[in-house]
Amino acid sequence: MTSELTDKTGAAVTVTRNDAKGAYEIADAEGAEAGRAYFYDHDGDRIFFHTEVDDAYAGRGLAAVLVRTALDETRADGLTAVPVCPYVAGFLKKNEQEYDGAFRAVRPADLEHVQERRRS
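In this text, all values refer to a predicted model and were calculated from it rather than measured experimentally. Residue indices begin from 1 for each chain and proceed along its sequence in written order. Predicted model: local features are reported for residues with pLDDT of at least 70 only, side-chain atom pairs are reported and counted for 80 or more only, and whole-chain, interface and lining totals are derived from all residues. No hydrogens and no water enter the side-chain calculation; it runs on all heavy atoms of the structure.

### Re helix α3 (residues 108–119)
Note on helix geometry: an α-helix contains 3.6 residues per turn, so any two residues three or four positions apart are oriented the same way. In this text, helices come from DSSP runs of H or I with a minimum length of four residues, and strands from runs of E with a minimum of two, each type numbered from the N-terminal end. Given a helix with a known number of residues, its expected span is that number minus one, times 1.5 Å. Over its twelve residues, α3 runs 17 Å from end to end, which matches the ideal 16 Å to within 8%, given 1.5 Å per residue. Listed as buried for α3 are D110, H113 and V114. Mapping the buried residues of α3 onto a view down its axis gives an arc of 100°, with all of them on the same face. For α3, the exposed residues lying more than 90 degrees away from the buried face are P108 and R119. Think of it in three bands: with a 1.4 Å probe and only protein chains considered, a residue is buried below 20% of the maximum accessible area for its type, exposed above 50%, and partly exposed in between. Directions are taken from the helix axis to each C-beta atom, and the arc is the one they span.

### A closer look at the side chain of D7
Within the element layout of this structure, D7 appears in the loop between β1 (2–6) and β2 (12–18). Its relative accessible area of 5% is what places D7 among the buried residues. A distance of 2.4 Å separates polar atoms of two side chains, one belonging to D7 and the other to R60. In this structure D7 touches V13, R60, L62 and V65, once residues within four positions along its chain are discounted. Whenever a nitrogen or oxygen atom comes within 3.5 Å of another N or O atom, the pair is scored as a polar contact, on the condition that within protein one atom can donate a hydrogen and the other can accept it, and that pairs from neighbouring residues in sequence are kept only if both atoms are in side chains. Whether two residues touch is decided by their heavy atoms; if any such pair falls within 4.5 Å, the residues are in contact.

### Some points on helix α1 (residues 62–76)
Spanning 15 residues, α1 covers 21 Å between terminal C-alpha atoms, matching the ideal 21 Å at 1.5 Å per step. Those residues of α1 that fall on the buried side of the exposure criterion are L62, A63, V65, L66, V67, T69, A70, L71, E73 and T74. G78 sits one or two residues past α1 and shows a positive phi near 80°.

Shown next, in the form of structure tokens:
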């Protein structure tokens, strides 16, 4: 799925889910990749374990656009978000009412799953 959006400066950005990489990717108007939010789908959950935005795009609010889009799509897909990534966890804490029921707390098994997948 691809979503056409704008950052906090009003510039056009695109968020795309790349299942082959297990990441949501955000690109600027010219198509240059600016950041990504990595995830694993596991047992009805979408475990978000790392989010990054290139320094060249700092201050434009791209991480928030990226994570909001990823969480909205996760909810639409009927999956529960699991915020292993500190940025995703902070975003959910800040927007808890908006995403009530769409996420759950991280469990030790989630961390083990991420570690196992990253080793393979």
